[in-house]
Every structure is written in C-alpha cells, then in structure tokens.
2 protein chains.
Amino acid sequence: MAQKKYVYSFGDGKAEGKASMRELLGGKGAGLHEMTRIGAPVPPGFTITTDVCTYFYDHRRQYPKGLEGDVAAALARVEKILGRKFGDGENPLLVSVRSGARESMPGMMDTVLNLGLNDRTVEGLATRTGNPRFAYDSYRRFVQMYGDVVLGLKPVEKTERDPFEVILERKKEARHARFDTDLTANDLKELVGEFKAEIKKRLGKDFPDNPKEQLWGAIGAVFGSWNNDRAIAYRKHYRIPDAWGTAVNVQAMVFGNMGDNCATGVAFTRDPATGDKRFYGEFLVNAQGEDVVAGIRTPRPIAELKEVMAKPYAELDRIRKVLESHYKDMQDIEFTIEDSKLWMLQTRNGKRTGFAAVRIAVDMVDEKIIGKEQALMRIEPDQLNQLLRPIFDPDDKQRAARDKRVLAKGLPAGPGAATGKVVFHAEDAEEWAKRGERVILCRVETSPDDIRGMINAQAILTARGGMTSHAALVARQMGKVCVVGCEALNIDYGRREMRVADVILKEGDWISVDGSTGEVMRGEVKTIDSEVLQVILTHSLDPKSSRVYQQYAKLIKWADDVRKIGVRTNTDQPDQAKVAMAFGTEGIGLCRTEHMFFGGERIRAVQEMILAENLEGRRQALAKLLPMQKEDFKGILDIMGNLPVTIRTLDPPLHEFLPKTEEDVVELAETMGVSVERLKEKVEALHEFNPMLGHRGCRLGISFPEITEMQVRAIFDAACELRKEGKNPFPEVMIPLVATEKELKLQRDITEKAAAESMKRYGVKVRHMIGTMIELPRACLMAGEIAREAEFFSFGTNDLTQTGLGLSRDDAGKFLPGYVEKGIYPEDPFVSIDEEGVGELMRIGIERGRKTRKDLEIGICGEHGGDPRSVEFCHRVGLDYVSCAAFRVPIAKLAAAQAALKR
Amino acid sequence: MAQKKYVYSFGDGKAEGKASMRELLGGKGAGLHEMTRIGAPVPPGFTITTDVCTYFYDHRRQYPKGLEGDVAAALARVEKILGRKFGDGENPLLVSVRSGARESMPGMMDTVLNLGLNDRTVEGLATRTGNPRFAYDSYRRFVQMYGDVVLGLKPVEKTERDPFEVILERKKEARHARFDTDLTANDLKELVGEFKAEIKKRLGKDFPDNPKEQLWGAIGAVFGSWNNDRAIAYRKHYRIPDAWGTAVNVQAMVFGNMGDNCATGVAFTRDPATGDKRFYGEFLVNAQGEDVVAGIRTPRPIAELKEVMAKPYAELDRIRKVLESHYKDMQDIEFTIEDSKLWMLQTRNGKRTGFAAVRIAVDMVDEKIIGKEQALMRIEPDQLNQLLRPIFDPDDKQRAARDKRVLAKGLPAGPGAATGKVVFHAEDAEEWAKRGERVILCRVETSPDDIRGMINAQAILTARGGMTSHAALVARQMGKVCVVGCEALNIDYGRREMRVADVILKEGDWISVDGSTGEVMRGEVKTIDSEVLQVILTHSLDPKSSRVYQQYAKLIKWADDVRKIGVRTNTDQPDQAKVAMAFGTEGIGLCRTEHMFFGGERIRAVQEMILAENLEGRRQALAKLLPMQKEDFKGILDIMGNLPVTIRTLDPPLHEFLPKTEEDVVELAETMGVSVERLKEKVEALHEFNPMLGHRGCRLGISFPEITEMQVRAIFDAACELRKEGKNPFPEVMIPLVATEKELKLQRDITEKAAAESMKRYGVKVRHMIGTMIELPRACLMAGEIAREAEFFSFGTNDLTQTGLGLSRDDAGKFLPGYVEKGIYPEDPFVSIDEEGVGELMRIGIERGRKTRKDLEIGICGEHGGDPRSVEFCHRVGLDYVSCAAFRVPIAKLAAAQAALKR
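For clarity, every value in this text was computed on a predicted model and none was experimentally measured.

K.L.:
Is there a simple way to explain the packing of helix 3 (residues 67-82) of chain A against helix 8 (residues 211-225) of chain A in this structure?
P.N.:
A packed helix pair is summarised by two numbers, namely the angle formed by the two axes and the spacing between the axes. Residues and elements named next belong to chain A. With their axes 13 Å apart at the nearest point, helix 3 and helix 8 run at an angle of 115 degrees to one another. As helix 3 packs across helix 8, the resulting crossing turns out to be right-handed. Of the residues in helix 8, those touching helix 3 at L67, E68, V71 and L75 are K212, L215 and W216. Of the residues that constitute the contact of helix 3 with helix 8, the class distribution is five nonpolar, no polar and two charged.

What follows is the structure in structure tokens.
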C-alpha cells in the first residue's frame, strides 16, 4: 500500500485540502483549507488527518511512521510563509493546536493556544510586538492551558478550585490587583515560574521548554481528548460514531488581545435561533476567541463592530456573504482582528434551532440558493418537534405580567416555552430529571462539563454570555429552550439560590422561561397549542397570519412529493386519530383493541369473560362487549374516511385485566359475586413467569376463538353501518404474535367467516384485508409460508427486538444504558432498529414474504416507525409504510423524504 | 396426468402389489400381496390405496373418478377365483373390509366382517355350509358390527351399555341361555330383526340390504376412521404424520368359527417380550380372529395347536419360517383355519419390547440374517431406556414373598419393574398421572379406548387376554411394564376395587408388578440398578453373566463405529459425570456453574455478593466462593480425564439467589446483618417482569466482570492443580446469552487474562478453548461476527426455542398441548427441535459461523440433545456433537448411528 498522506498544509492562498475532505480533515480543517482556497485571510497552518487518530487508537497511542517528518515539513512551510521560526529567540512562530472532528463537537475536545513559548521565545515575542506585558500574559496563559490540558494538572476533588486560579488569585491579592489586567509584565513572569513550580510539585514533571516537545504533547492530548468522558457523552447524544476520530489543526497564532486595535468574535450569516436573514454575531475588543464562547464576559453585538473598526468590519461583511453563497448554507464563523487586520479562523455550517432550520431552508429555496431537495436534507427530522411544541398562553403571560411575575429578560437564544423547577448544578439536573422532575438549569455560564445536565433540563438559563456562548450554542443544537446573558440574575451556587432584584428563587422553585422573547417568569405559566397546531388542528389561527405554519406546510408538501414510503399512525383514540389526520397521516397502522377493554363497564365485562367457567359464559360476557367495541371501531373508521385502518385483535395476556392487589381482588370478587378464593385461584392460574412469551396474541384467539369472532364482528358491523351511510371504510384485520402458518390460517378462517356473516346481515360489501403482525423471529423465517395466509405484514419491531435480542424492554433499563455506553449496541435498540440483528430478521421476512406473494403489503407498527434512522432503514429495505405516534407523523414524513433523497 | 391406479388385486398366487409398496398399500395390504406372491395361502381380495384416502380428505370425502369401476372389476376377479358371487342367493361371496396404514396402528381404526349378508344371501351361506346357526350368527355379528362402525349406533352416554349387547342379553334371558352359543339359529334370526329395528328406531335409517351399498358404506367408514379420536391420539404418541392416510383392504372371508375343525390365531416368529428365538403365539378353536386380540377369552399357547390340528400347524410352522427369512425380521402373523385349511391373513414386522428389540437385532446378526447396520436400524433409540430401568431388588422381592405379598401371577407381556397406585379406568390413570401420581392401570381387558390411560400408567395389568391381546401388544410397543391374563384378579369396576383370593385392593392402593415374571405384589417393592448398570457402573455384576449387558455392549460398539457426531453429557454433578463416563460419554457439553452456587455456605456468599454496596464488597464475597468453585471444578475435571469439559459462566438472574417469601427474607436479613427493609428493597430492585429476557447470562459478567473473573480463576486454578498432578484436563469456557460480538469480546478478554494469570501462578499450561452458547436469534444471525471471538459454539436450543418462537417454557403448558393437537406444531418444540423455525436459525448460525472460522467446533447443549429426532437433525446440519443427560447417552449414540446410516 502506498504511504498515506497524513498532513495537509494551507496558507498564503494555497491549500492541499478542500471542503469535500471533511471526513479526512474534520470540519474545522476542511473549512480552513476551503477558506484559504477562496481567498479569505486565514493564518497558515496544517491539518493532521483523522486517519492518524484511527491509527493512534488502533496502535496503543503510537503514530504512523513518517508522521514526524511530515509535521516538521509542514511547520517549515508555515515558518517560510510568515518569515518566523518555531522556537526562535528573535522572531518566534507561535501556534494553536485544535481538534476538529467530522461533525462539530463544540468545546468537547481540547485546545492549546500560544504554543511555542518558553523563557527564550517569550523575549522575542515581547521585542517583536513591543509589548512585554502581552508576551508574558500569553506565556502565562500558555503554561496554564498546557498544564491543564496536556500535563493534566486539574482539581483532584470536585470541590477543589483550579490550582492555577488559586495562585493567580493569590498574586492579585499580593499586588492589590482587582483584575488580571492590573498585573504587570513582571507579575506575569513570576506567575509563569510559580505555575511551573506547582506543576513540578504536584505532578513531579518539568514543564517542557522545547517547543517541539510542546507540540507533540499537545497533538497527543488533542487526539486523546477524543475519548474523554464529555466527548463520549456528546457523541452518544448526537449518535456520532466512535470510529470517526478527530483531526488536529496546527495553525499560526493571531492575537485579538494585543491592544485596542484587536478584537475577536463569533458570528452567523443568519440568526441561528429564529432563522432571520441578518448578520448576527458578537465580538470583544482586546480579547482571545475563547473569551466569547466561554460566556465569562457578555460580548457586544456584531453591528457595533462597524463603529469600532470600520475597515475590518467591511471586510468581514464581505467575506460572510462570500462564504454563505459559497457553502450555500448558513455559516458559523470565527474571526480575530490583530492590529486592525482581519483573520478568519473558522467557518462551518451553523447549528440552528428547529425554527431556524425550517426558516433558513425554506427561505434559501425562495432565494434560489438551494433546491427543494437540498432544503429537505437541511433539517433534522426531530427538529420539527420544536414547531409543534406548546407555546405560552398569551392570556396567562399577561396575567403573569400584571402580577409582576416577569422577573427579568435575557437574550432569546433558544425559542420555545419551558416551565420547571430551578436547579443550579448539572448533576442535580440529571438526578432530578431521572426521578421525573422537570427542571430548568440556571448557571452563571455553562461549560462543556454541564453537557449531561443540559440534556436533562427543560431549559437553560444563564446570567452571562451572549448568543454565541456555549450555553446558547449547545441549547440551539439540542432544540432546548434557552435564555442567556440575563444579567439581572444573581446566582449563589453555595446557597443554591438566585436573587433577582428583591426576589429570591431557591432550588426547587418553579419558573417559566420564554426562549422566544427572553423573559423569565416566576411560577408556572400555562401553555397552548403551537402555531402549527392552532392552524391545522383547532383552526384557531388563520394560516395566512402564521409564517411558521406556512413554511412548515411547504416543507411537508415537498417531503410528500419526494418520499416513497407511506406514513401511518398508531392510535386507538379518536382524538389522536384526528390529530394524525391533521398531520396528513395515510391511515392507521396499529389500532390496539385492548385499550378499549379498560374503563368502567367494559373491564367488568372483560373480567366476566375471563372468569366464565365455560364457552357459554364467555359468549354472554363477550355479547356485552360487542356493542361497545363496535362503537369504538365505528368512531375511528369514520374519522379515517377511506384510509386503511389496521386493527389488531386482542393481544395482552388475560391476567392484565385482573386486579393485582389484595384489596382490588376483594372488591372485584364482591362485584362479580364470586368468592375471593375462586378469584385468587383464577389470578394464580393465569400468572405467568414470562408474560412477554406467554398466553397472548393469537394464542388467545386460538384458545378462545369466540374472542376473535366478537372482535371481527364488531369491526365489520361498524364498517357495514358506515357503508350504509354511504361511507367507504377500509379495515385491515391484523392477527398478532403469529409464529406459524397454521395459527394464521385458523384465525383467518374465523375472521373470514365472521366478516362474511356481518356483511350478509347488513347486505353490503366492505373493502378489507386480513394480515398479520410479524413480531417473532420464527415468523420472519417462515414468512414465505405465512404469506400464503396474509395479505399484509406489519413488523412489530418492539416484540421482535425483545425476542430477537432476548431482551425484555421492561427489565433492560438496569443494564442497557451501560451496554450502549460500552458500544455493545450502537443505539438503544428500542429507540432505533438494531439493523444488524432485528433488521436482518426483517430483511429475511420481507424477502421470503414477497417471494410467496408479490403484492404483499408490508409496514412497520413498532415504535421505531417514528424514529428517523429507523424510517430510513425501513425505506432501504423496501417497506410500503411506517406507522408512528400522531405527533411524529411530520417527522416520519421528513425522514422518509430524506431516505428517498439519500438513495 | 395419467389416471392413477387406485385398486390393487391379489389372490390365487398372483398379486399386483408387493412388500415395497407399503406407502401406497399400507402395511397390511403390502403383506397380503407379498404373501400371495411367495405362495402362502391368502384369501383373495384387493387393496384400495392410501392415495384414495388422501383424495378423500382433500375433496370433502368424495372418491376419485373411476374408483367405483375399479372396485367392481377387482371384486369380479375375487368372485371368479372363488366361484362365488357377491350378493348371490346361492353361493354368496362374503368379504371383510379392513384398514391398513403405512405403520400398524393396532385396533385404532375400524373393521367390518361378514359383509355381503342379507336376508337372501344368509340362506345361501346356510345351505353352502350346511350350518344355519353359523350363517345366522355371522349375520347377527355383521349387523351388529356394521350398525356400530358404519351406521354409528353407539352408547350415547359413557355409562350406557352397548344397545346391541342389551338386546342380546335380553334375548339370552328370554331363552334362559347362559352363553351366546346356547342361542339357536332361529333366535339369532330374530336378533337380526331386532337389531335392524333398533337401528331404524334410534337412527331413523334402514339397514342397507344391498351388498354393494354395504361395501361402500364400510369403505367410507374405514377411511373415516383415520380421523377418529383414538387414531389421532395414537398417531400423536407415535409421531405418525396425519397426511399418510390409510388403505382399505377388501378380502374374501374365511371362517375360524365354523366348527371344531376351525381355529384362529396370532403368532410371532420370535418372543416379542424377551426376543427369545421360539415360535410364540396363541389360538382359539372355533373363533373369529378378533376374539384373540380382544382379550375376552384367554387363548391357548400356539404349541398346543400341533396337538389339536397337526397338519395345519405343520403348514403354519413352515410358513412362519419362510416369512421370517423372507422379511429378515421377526414377523407378527395372523391366521385362520377353516375346515382344517390354513389361511394367512396378515404378516408384518412384529412390535417388540426394548429387550426383545436388542436381542432380536443382535441375534439376527449372529445368525447372519442381517448385518450390523440393519441391526442398528431395528431399534428405536428410546427403547434402550428399558435396559437401563431399575429392576426389582431380589432381596426385597424375597421379603415380599415371605410376607405373602405376592398375590398372583399372570403372563409376563412387558418386562420391567413397576410400582404404583391401583386405578381401574383409563380416564383416572390420565388424571392421576397428570397430578404426579404413579399409577398402574388394572383392567379385565383393555380396548383401544384405553390408549391414553395406558400412556399415562406405569404398568398395565389385565385379568384376561393372552400375550397377543390388545393390552400386551400396546404395552410392548410402548415399552410399558405389562402383565396380562392374570385370571386370579376379580375386578369390580363399580366398587373400584379388585379381589385376589381374600385380599381386596382398592383404587389408590399400592402394588408392584414384575413384567419379566408376571408377578403381582402388594405394596411397594424396592428396585435396584438394571443389569447393564450393575455391570458398567457399580461393577456388582460380572459382564459375562449378563446376556442383556453383552448384547447392549455389542450394539453400542456398532453404533460408535458408525456414528459421525460426538455425544457429550450435560451435568454439573460428579456422580452423574461418573455415570456418563460409564456410558462412554465423550465429554461434558454443559456444566452449569450456578447449581454450585446453592447450598449452605455458598448461597450465603452469593447473597453477600449480591447485597454488596460496591465492587470491594463483591470481591470479598467472591473470594469466599473461589475455593469452593475451584474444588467443584477440580472434581469434575478429574473425573472427565482428558475429555473436554464445557463450563458455562454464571447464567441465571441474581434474584434467583434471593429469598422469595417474607419469612425467608426476615431470616436472611438477620443472618446477613442488614435491615429487612434494605433486603426487601434489593429484592424489589432485582425483580424482573420477564426474567427469561432479563439481566442474566453474559449480561451479568459484563455488569460485574469480577464474577466472570472469579469463575475463570476457579476453573484454571483447578485445571492447573490437576496438571501439576500429571493430568491433562481440558476446560472449555462457555459464555452464555451472547447476542453481539462485542459482548463475547469483553468476556473473552476477562477470561484470557484470568486464565493467563492462573497458568502463570502455577507455572503450567492448560489446554483450553473459549466459546459461546448460541441461544438467541440475533446470535444465529450474527454468527459470522461472533465466530471471530469464539473457538466453539454450543446451541442452547431451550432458550433459542423460547426466544425464536416467543414461547416461555414455564408458561406454555396452558396452551402448547392444544397447539400440538391442532397440528400448529408437529411436536412439542421443547421436546423435538422445531426444525422449520429453530432449525433454520441453527442452519444460519452454522453456515455463518463456519464461514468465518472453518474449524469452529459446534455442538448442542439444549435438552434436545437427548431426543433421537433432534439428534438426527443435528447430524443432518453438521454439528460436531450433541450433549444430553447422562442416562440418554446410549440413546443419543444409537440415534446418531441411525442418522449416519440414513444418509
């Protein structure tokens, strides 16, 4: 094999890489190379590829042969461009070393800045810049950062303060300095020495003075940070494969903190929260880039840059337009101004909220920047959720304002309405959420350490930081409600409370946060339907007056035009069926009949049936259920018009209908007029060790054909009545838990007979199908035989996962999270279809089923039907439709469209 | 398609069929054709093929076109041979109409004799035979039989007596007749009229006088009887496919009941109970064949026939020799002597006990009649069980004799020792056995209606009937202990008791029955090891003095020479391992380690581990278990010498080791020094809804790697110690419930590390393998990936059946029997591998596993490994070995040999 190219250089208008090499160079690297190519001012540097990361982890953290030479050559190229030398005492080259994975993982991995400084080069820097204080401040920052990131000097206990910060504070006290900036060059020089001494004391290591050693230390640390806890958690949440790895970017330093003609900033080519088409960003004068994102200082809006530094601003405005039209997508850019010269440090497709994703995609189609198909690919299907989430009830918000419950207003960084209990620590957020509490995480600012807490919170509220701060960035990406820079908040972590003017909010107090306006309100504020739902479901909003609805509707229309597989809904509730119809469902893929068996009179009749001593008794009880079931079916069939409604015959084991507690048993015995002993005997007799694998599904209908008979009669009586009213219902009778052809044949015979009787009685014909749920491994293997008796299959992937993997969903909670963390399963197999295992069973089932019956209709009614990844899989294996919860219909439609476009 | 031939004629030395046409002509038909061909005296007739039966059931009980003409032609041929005419008033032809399936199903289906009689032809018969009484007796019998079998006049209630018998009794009373034979021709003529009137009254049908109508009625009844309840139950027990169908044989009647120069009998060419080489059978003078089998009269031994009718006996003796050497197997023959002329009515391979099967097979090899391979095919593997079953302790039998507890002696029809409670009705036997009682079914005689009761009884004891009676025949076939013709018993069904001299035995009293001697003893008699076990296991019997052992050993040797797959044993008990070694096992295929976790000190340590709050606590508890587990493993590894011992790491969910009842919880809490609440919390926390699919198998070892570590260390410490003693143990570590490659990899890493540490510590190497149990559908599908980490696979077909079919073995009892009865599964899938479903998963697993690793060792350790059908399947799909319970090793070996020979 030819030697792989491991290092790609860029700078001075030329670059070895380009935008399409994301996989190899990472997102950041590809962006730097591409910007260089199109003439943006980018400090020169080079990228070490993700292949090296893969090699690194496959070979016990060794590097491939030849890498060292390649890095040296690339470094020499940078030296040549800038006319500086790495480690040179007079005109030293300083570099940054940054991670950069294929997908952005903001703040999750490590970075080292100002690398190349030592007691000799710092003097060169001081001389060159004529600014010894700046030089020693950079040196101090470098030693601190390197000591933490590369050498690993961190607080031992969570309660301990950062050892470097402790020394810094001490120094400031000694010098009676209020801010860092009050320290002199000499103070900073002393600090460098004290930092190094602390490192030596605590870790027993000398701080490396050799810049080359520094460089390789930093490269190793960045590759190593791919597998730190934060990064792993982040990848898990965003389903980023562990195998991708990160690239490392080594780039000449530019400084935004050399004086007042310097600045640093982050900006978006459009508003990442709302999608508005306006240049949107923030900057800080005389600061390093990290200061903006860290949220320690609240930065100034980008528009003000124009006033402060007109020329660099004009250049930035020009470049942002070039970048957006070059990338044809909203860009998230980072820049630094050094001595009034603009340098671009990053461009990437900007993360955005669901609202912004829809708006930007649709706007860009209108602006003819992209086509409809590209627009469809631009939105994560799950992001549509945000458009459907409740918003605050304007009346109740007004009441809150009247009652003076609006406490403060921050920057609206993540739109939406959230209500929850105040917590101040990420760990608390996680813990409280696990026990079912809704919490709002309130922080002065957030850091990458807070990631798990943010995942578990309803909303994030910070006192400091701007719209591009870490909190805002992560929240937008997660679609979380978020308000940042709410300076009125005075948070006291120690007391677990926050003060807003004279109001004190303690941990556990309720607040409401409006991420669309930035308002923070005391107590719970009522919510109402989202704009989209107000238009399509309650018709309480005029479609013309809602831009959100209009863009949503456009998008769904495009998705409908493109997708190849149908989207149905799982429901047995008429009101849910109405919601699904409003979302444009194409039928019901799973109507469970057992939910109809609960509730007052019905459950009594069901219990009577179970307790009956013989067929006669069972028939009498079933006769009571018949008219009720018929009305249920009539309701749903009527709502669904002429769309197919797949109705599953009784599935759960009968013991689910009997009481569990002593008390309930006594009560039922009284009501039913049987002895408590007799009832207990029956409960005992029906008890099962593994109900999942027990007497349920078609096994019930085979033991008690009269139950199937009653249900089929109810379905067809209902359908016939609708038919007589001139309607055209379309029931599909689905037999559950079939493992053999014979089972289905037996149930089919009963179904055909009962259906024919109903139709004869009413004198009408009803369009219908008879089929089965494929939810056992054996059914997949025997699909060829089973298809002889089935006009349709519907994969019950919940049970197929349970049986195929031997994994009880009710019990797996104890170890499944650990399994996903260990990479045993890439995803929770109950969330996304286990494609290797369950997916293989499905492939076998589809192939064998269609071989017997070419026109076999095949769908999925497991909960996976609403999971975008699983929808894509269903498309790939050739299903006719997916079926999911009503509220996931738009999501499934978009996922289906994307699946079709990906082919 | 060419018209099929539906009717095959035989008679007068010529036959259209032959022995090899069993499938088409049934066993009885093929025998009649073959005997005709080889010159035996067979009354002429014809066979309607099993194809017609299949057609009959596929076409709503219609016959194929052309059948009527073919039957008429065949009947004409018989008329021509005999010079008689069917329905002729002067010289009428009478025929029998009998069933005959591919496999004999004695007494299960219907038969009609003397067909062709009516008021006209009976006169012809009377004239021709010069015996009006005989003619009218035949007519009476015919009307009675036809009325029952074809027209269906049977008792309505079980308690009702046979309506024909009631009329017969009334007639006898009226005539003061004691026996049937006391009735005159005229009485019998009157009876015919009364029978017909009863039929008309009860069924509203006229008795058909037209012989052709009679014939078609009888043919339809025989085909119809293929699906009567008895026949279905019998087929189920003997695994005869429903699809085979029966043939119908129509044959000219010969009469054994025309006078004292007439007789009828049943005989075997060798003793079907013991296998002794002697002509063995029974006869009755002046009787119809049915009388012998029905067991109503106890017949005379065949040797006496020589004295009564020398010439026919000589002819019979000659023919039986011809038949045995022609068929090269022990024959079961039926004959009738009419007017001193011998007629052969049937020959078939005789059913025999396990003892007889082994003896006949081995003897015939010694006699050079058959080869070893044929001998191996002659024995049902399960029959070997009989040679291993305990026999009565001679000392305790002597004591019983001294105490006068030997009550009676009958004919030893089914060898073996049985002890149980007396019951008198088949239904009781079934019911008592179902609740776990051991019962002995005591009857005056048995009939096909008793079949279910016989299946459920430990032994069958009858007061009447000979060695060829129904009871003897069925018991031999089932391998049941059986004593017949024990005339000293006086059974009173009404009082549910029996008298033997002055002793009264009531329902529920204990008796012991020796089927090898015919003795019936009161109370329980102790049993000891079988002869085979006395030789090979306890060495208390000299092999030379046991013919049974010697023949058994020869057979097993032949099986070992022929079979291709290995036979291992499932055991974790040293004593069972010794038994398995005595049976010639080739290793242990499954040593469960959890059984070693129960008992005194161990269970406490296990509980301590479960209750430990942290890793440290768990390690402490495990350290206590380590030396005990090591000793267990050392014991078993030592016994097994250098044979492989597959040891499975901990499999069951941890809650199995915690107490279930309140009382036990309190006790344990006290012992462990924890609060009852804490313990209850733990029990609650570990509770699972579907433990089968829960936190078990390798999932435990992944959550708690220290458990696997301890177990592996115990295994290798034990093996190393043996190695140091100069032995050569061969452990195979088996990881259970693997679904993914990663799981196995994680457990394999732990195993390799712990094994290496042990070996290093002891300074020796131990031969070993690491592999996995394949017991989840996903594991079969992913076998290619899993095989990367596995040196061997062992199919856990118990769990693979549970998950593949979605069927909990603990819960399926409620509906699975019904499933087998309805033909949904051909067999209980927990007894014989479900070849279509589970078998397909295995085929996939084998193919994919071997594709990755050519030399992958693959076995089975589910309980199916001891089921002969499943062994054959395992051979077919190419497994390396099966593993089964110690006592099933010889059975599995024979089954494996047969599987190899069938290829």
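After presenting the structure, the write-up continues.
K.L.:
What is the right way to look at the relation of the copies chain B and chain A in this model?
P.N.:
To go from the first copy of the chain to the second, apply a rotation about an axis and then a shift along the same axis. Laying chain B over chain A is done by rotating through 180 degrees and shifting 0.2 Å along the axis; what remains is an RMSD of 0.2 Å. Read as a symmetry element, the transformation amounts to a two-fold axis. Of all interface residues in chain B, 100% are interface residues in chain A too; the two copies therefore contact each other through one and the same surface.

K.L.:
What is the right way to read the pattern of salt bridges from this model?
P.N.:
Opposite charge on two side chains makes pairing possible when the charged atoms of those side chains draw close. Per the stated rule, a full pass over the model turns up 175 salt bridges over all chains. Between E840 of chain B and R848 of chain A there is a salt bridge whose closest N-O contact spans 2.8 Å. Residue E840 of chain B is located in helix 34 (residues 838-852), and its partner R848 of chain A is located in helix 34 (residues 838-852); the two belong to separate chains. Classification of E840 of chain B by relative accessible area gives buried; the value is 15%. On the basis of relative accessibility, which here comes to 26%, the residue R848 of chain A falls in the partly exposed class. D560 of chain B is the salt-bridge partner of K893 of chain B, the closest N and O atoms lying 3.4 Å from each other. A residue pair is termed long-range when its members are at least 10 positions apart, and K893 of chain B in helix 36 (residues 889-902) and D560 of chain B in helix 21 (residues 547-562) qualify at 333 residues. A cluster of three or more residues bridged by salt bridges with shared partners is formed by K630, K634, D638, E721, E725 and K727 of chain A.

K.L.:
Got a minute to help me understand the sheet that holds strand 17 (residues 417-423) of chain B in this structure?
P.N.:
The strands making up a sheet associate through hydrogen bonds between their backbones, and the pairing can be parallel or antiparallel. Residues and elements named next belong to chain B. If you trace the eight strands from one edge of the open sheet to the other, you get 15-25-24-17-18-19-20-16, paired in mixed fashion. For this open sheet the edge positions go to strand 15 (406-409) and strand 16 (411-414), each flanked by a neighbour on one side alone. Across this sheet, the average inter-strand angle for adjacent strands is 30 degrees, counted without regard to direction. As judged from the four bridges shared by strand 18 (residues 439-443) and strand 19 (residues 459-462), these two strands associate in the parallel manner. Following the sheet pairing, L441 is matched in strand 19 by I460. Strand contacts of helix 19 (residues 470-478): strand 16, strand 19 and strand 20 (481-484), with the helix running at about 165 degrees to strand 20, the strand carrying the most contacts.

K.L.:
Could you clarify how one ought to interpret the interface of chain B and chain A in this entry?
P.N.:
It is common to report an interface's size as the accessible area lost on association of the parts. Facing 48 residues of chain B, the contacting portion of chain A comprises 48 residues. Between chain B and chain A the total buried area reaches about 4100 Å² when both faces are included, carbon and sulfur atoms providing 56% of it. The largest per-residue losses of area from chain B upon contact with chain A belong to N690, L693 and R778 of chain B, which jointly make up 15% of the total buried on that side. Joining chain B to chain A, the criterion identifies six salt bridges. R778 of chain B is the salt-bridge partner of D834 of chain A, the closest N and O atoms lying 2.6 Å from each other. Taken together, the residues that form the side of chain B that touches chain A break down as 22 nonpolar, 13 polar and 13 charged.

K.L.:
Help me out: how do you make sense of the state of the cysteines in this one?
P.N.:
If you walk through the whole model with that rule in mind, you get zero disulfides over all chains. The thiol sulfur of C442 of chain A is not disulfide-bonded, and the nearest other cysteine sulfur, from C486 of chain A, lies at 9.3 Å. The class for C442 of chain A is buried, based on a relative accessible area of 0%. Between C884 of chain B, a free cysteine, and C874 of chain B, which holds the nearest cysteine sulfur, the sulfur-to-sulfur gap is 11 Å. Accessibility expressed as a relative area gives 2% for C884 of chain B, which makes it buried.

K.L.:
Even after reading the chapter, I still don't get unusual backbone geometry, so can you show me in this structure?
P.N.:
Negative phi characterises most residues that are not glycine, and trans characterises most peptide bonds. Residues other than glycine seldom take positive phi values, yet D339 of chain A does so here, at roughly 50 degrees. Tracing the backbone through its elements, the reader meets D339 of chain A in the loop between strand 12 (331-338) and strand 13 (341-349). Residues other than glycine seldom take positive phi values, yet K368 of chain B does so here, at roughly 60 degrees. The topology assignment puts K368 of chain B in the loop between helix 13 (354-366) and helix 14 (372-377). We classify K368 of chain B as exposed; its relative accessible area is 73%.

Thresholds applied
Residues numbered from 1 in each chain as written. Chains lettered and ligands numbered in written order. Predicted model: local features only at pLDDT ≥ 70, side-chain atom pairs only at ≥ 80, totals over all residues. Heavy atoms only, no water. Axes fitted to C-alpha atoms, helices over the stretch in contact; angles between N-to-C directions. Helix = DSSP H or I, 4+ residues; strand = E, 2+ residues; numbered from the N terminus. Left-handed = near helix turned anticlockwise from the far one by under 90°. Contact = heavy atoms within 4.5 Å. Nonpolar A, V, L, I, M, F, W, Y, C, P; charged D, E, K, R; others polar. Least-squares fit on C-alpha atoms with pLDDT ≥ 70 in both. Salt bridge = Lys/Arg side-chain N within 4 Å of Asp/Glu carboxyl O. Buried < 20%, exposed > 50% of the residue type's maximum accessible area, 1.4 Å probe, protein only. Pairing = 2+ DSSP bridges. Buried area = accessible area lost by both parts, 1.4 Å probe. Disulfide = S-S within 2.5 Å.

So far we have only geometry, and geometry alone does not tell us how the molecule works.
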